[in-house]
There are 2 protein chains.
Amino acid sequence: MTQSTPAADKLSRRTFFSGSAVVAGAGGLVLGAAGGAAVAAATAPESVSEADRLAERASLKYPFYGEHQAGIDTRPQDHLVFTAFDVTALTAVELQLVLAKWSAAMSELTSGSPVGKVQPEREQGIPVDTGEATDMGPQGLTLTLGFGPSLFDGRFGLEKFKPADFADLPAMAGESLDPDFTGGDLCLQACANDPQVAYHAVRNLARMARTSVRTKWTVLGFGRASAGAHQATPRNLMGFKDGTRNIQDPADFSDQVWVGEEAGQPWMVGGSYLVARKIHMLIETWDEDPIGDQQTIFGRSKKEGAPLTGTKEHDVPDFHATVAGGTADQTVIATNSHVALTAHENNNGTKILRRGYNFTDGLDSVGRLDAGLMFLSFQRSPEQFIALQRKLGKSDRLNEYIRHVGSGVFAVPAGLPAAGSYYGKEFFA
Amino acid sequence: MTQSTPAADKLSRRTFFSGSAVVAGAGGLVLGAAGGAAVAAATAPESVSEADRLAERASLKYPFYGEHQAGIDTRPQDHLVFTAFDVTALTAVELQLVLAKWSAAMSELTSGSPVGKVQPEREQGIPVDTGEATDMGPQGLTLTLGFGPSLFDGRFGLEKFKPADFADLPAMAGESLDPDFTGGDLCLQACANDPQVAYHAVRNLARMARTSVRTKWTVLGFGRASAGAHQATPRNLMGFKDGTRNIQDPADFSDQVWVGEEAGQPWMVGGSYLVARKIHMLIETWDEDPIGDQQTIFGRSKKEGAPLTGTKEHDVPDFHATVAGGTADQTVIATNSHVALTAHENNNGTKILRRGYNFTDGLDSVGRLDAGLMFLSFQRSPEQFIALQRKLGKSDRLNEYIRHVGSGVFAVPAGLPAAGSYYGKEFFA
């Protein structure tokens, strides 16, 4: 069983609420409890209230079991809670218990249920679920689990399960990593259309494992919240569209995102590697840069997001076009612009799936905006990210305005086939 | 002209997208650019895509000019950015300029426009608007401005404009205020259905005044994001519904929220007082409290939110009902429960309009969840809040699980009558 593919997502986006082909067109989508109401509403427009529409949105549910984990090729939801954990368990059995409990609870949470099949009704029962997402619906929640390289360091006897060449990211030019936002034995990416649902999920997973794992770092993300008529591609906090050339083609997923036999680990076949980079933007400085210079740096226009060789956002950049009367190296799109440096045309066809979110932590210690991009990318090998980032770190003109302050790389196992299975089960056979 | 009243909001919630009475039923609502599309979509269900629905939501626009500022009796939007500022201006004229620029920009922002009528197209122009909300629509954005007591301290010659009895909140039992999250000469409450739109608005207002004001503290809030079929009242991070008995009746707004002649300041007639309290929840401790005890503390059931003397959320609490066989002081709803202490029946009819949001700042220095409630209330006099909070600080059983860490009180001037007017204009006549 495959989970929602990008094609299905694109289809569902157009037809999910259309009143025709609600089920047939929805691909991997499963309607939740309010699904019936959604269909009824779509066929009886006079009864479509905003409350109904919110209920439809709340009922959006992605399948938990499947070939791949959800939250990778799933159309990005509006909100993110990303959390990395250190495992404090002393034994492999204790780790095994965490992974088994989490797998079962992730299935409950993504279906819109509280954790724990039965909530205590007794007066003296301690709440199993903390309750703040009660009756809110699944809200398109996906929970994606990853294992950091340190999980395989020998504490739990897992050395032989470490994928080939899986290691912490090498030091990169221009980064200034804060140890408090770097690494982790485990990570969870929670994405949902409601921030409270995403927060509730991570909070409850952390809570049920609190004697065995310790939260190391968390980033809350927003900025996928609008895909209105003129807003298919969201904007980062520099004001530029971000994600225009992202992976969409299923062939690219097979080639560039899903791990195959090469990892040497059956549990990673159908999995992926997640790179997380907390990127602080020097926003006040950026805001004083002239628009022309900002556009040169990105290689795109600010308002439309078109490559500087085109007029529309999705025009294909021409990296060879030269300025009028210019020589061959006087290209319209600067060779050290962000779009030129990252384009697959200039990187032996390498692509990565970006799935980042904007974040803000308020103000820093000297009163500047503490904000930026929680960059998340999925790729078949960490080497894809490393090669691209090495180039960016060396040449990208954006470096003047950004600083990588947090980092992690995680092996994201394949999806679970069915209830009763759990992530990492192979480790404990 | 009155802005959207609660009644109109309630009406609009039911009829806004209903295909009939879209304009007539919407009260103070104004449809933005995509409004026509919304009507068309409602009458032609086969064309209603999720993108269309998001566009309708994005186009929600509240009038900026009116008797009262928007963002008070406006139905709470999904997201909050609350920011308090210190004025660093050295002269009254400089402050006047900030207030005039802000008033004009607030009008632009709430209509979904960037700040500054014309964005520079020249290559060397510095961006007037930072751009990250371009084409996202107004998203129901409201911007509500308040003046702190310190603004009237004499630096700007405004002593005589200080409302009667307007002063910093007195010290309260059980609070543990952090000076970095307390006070401010000015505040802005930005609420919108998209967090990026709210963030963009505050960011750009702060930016255009950066030589005259300094951001003092900021809280980002969520938790009004879902009002699904079963979720009319949102839940706080303790898992309980919050806001069940909130003010809705227009008569209550007149009596309890809008300032009259008593303030002794014409600029406050039609205004209100905003109390902001950043309330940290001791969540890990709360989560270990048995459900029965949690319910006793609130005086309500956790799942339904019903008073302990009733079965449905909106049942009126009976504060005199006693437990079976109990004496008169053995009430079903404990007299020191949160609902009993705050009920208007037990406070000489005092009500306050609550408009808070959940927040989370990630983890505190020892790895616990740093999260809670950004309590915002509007009232005709700060004394309403002070009297209630004095009672709560003394007796509320919730005090074991919460800590007030930030605080501010602000005089929120009346709405502006029309373009060309600006907040505080009376101060500089």
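On a predicted model such as this, the values are computed, not experimentally measured, just so you know.

## Quick look at the overall build of chain A
Check the secondary structure of chain A and you find ten helices and eleven strands. Buried positions account for 52% of the 429 residues belonging to chain A. Sequence-distant contacts, at least 24 apart, represent 75% of the contacts inside chain A between residues at least 6 apart.

## Considerations on unusual backbone geometry
All names here are of chain B. Even without being a glycine, aspartate 135 presents a positive backbone phi close to 65 degrees. Mapped onto the secondary structure, aspartate 135 falls in the loop between helix 4 (92-110) and strand 4 (142-147). Not every positive phi belongs to a glycine, and asparagine 348 is a case in point at roughly 55 degrees. Mapped onto the fold, asparagine 348 is located in the loop between helix 9 (338-342) and strand 8 (353-354).

## Structural notes on the pairing of strand 6 (residues 213-221) of chain A
Residue and element names in this part refer to chain A. By the criterion of burial, strand 6 is predominantly enclosed, with eight of the nine residues buried. Where strand 3 (residues 79-87) meets strand 6, eight bridges bridge the pair, whose relative direction is antiparallel. Bridging across to strand 6, phenylalanine 85 finds its partner in threonine 215.

## Remarks on the environment of B:Lys391
The residue B:Lys391 is located in helix 10 (residues 382-395) in this model. Taking the C-alpha atoms as reference points, B:Lys391 and B:Ser381, ten residues apart in sequence, are found 17 Å from one another.

## Here we look at the environment of B:Arg214
Residue and element names in this part refer to chain B. The residue arginine 214 is located in strand 6 (residues 213-221) in this model. By the C-beta count within 10 Å, which is 16 here, arginine 214 ends up partly exposed. Considered as a pair, arginine 214 and phenylalanine 298 are 84 residues apart in the sequence and their alpha carbons are 39 Å apart.

## Thoughts on the packing of helix 4 (residues 92-110) of chain A against helix 5 (residues 195-208) of chain A
Residue and element names in this part refer to chain A. Where helix 4 contacts helix 5, the two axes come as close as 10 Å, and the packing angle between them is 155 degrees. The angle between helix 4 and helix 5 places the two elements in the roughly antiparallel class. Where helix 4 crosses over helix 5, the two elements pack in a sense that is right-handed. In this structure, helix 4 uses Lys101, Trp102, Ala105 and Leu109 to contact helix 5, whose residues at the interface are Ala201, Asn204, Leu205 and Met208. Within the contact of helix 4 with helix 5, the residues separate by chemical class into six nonpolar, one polar and one charged.

Thresholds, definitions, all that
- Residues numbered from 1 in each chain as written.
- Chains lettered and ligands numbered in written order.
- Predicted model: local features only at pLDDT ≥ 70, side-chain atom pairs only at ≥ 80, totals over all residues.
- Helix = DSSP H or I, 4+ residues; strand = E, 2+ residues; numbered from the N terminus.
- Buried ≥ 20, exposed ≤ 12 C-beta atoms within 10 Å, placed from the backbone.
- Contact = placed C-beta atoms within 7 Å.
- Pairing = 2+ DSSP bridges.
- Axes fitted to C-alpha atoms, helices over the stretch in contact; angles between N-to-C directions.
- Parallel < 35°, antiparallel > 145°, perpendicular 65-115°, else oblique.
- Left-handed = near helix turned anticlockwise from the far one by under 90°.
- Nonpolar A, V, L, I, M, F, W, Y, C, P; charged D, E, K, R; others polar.

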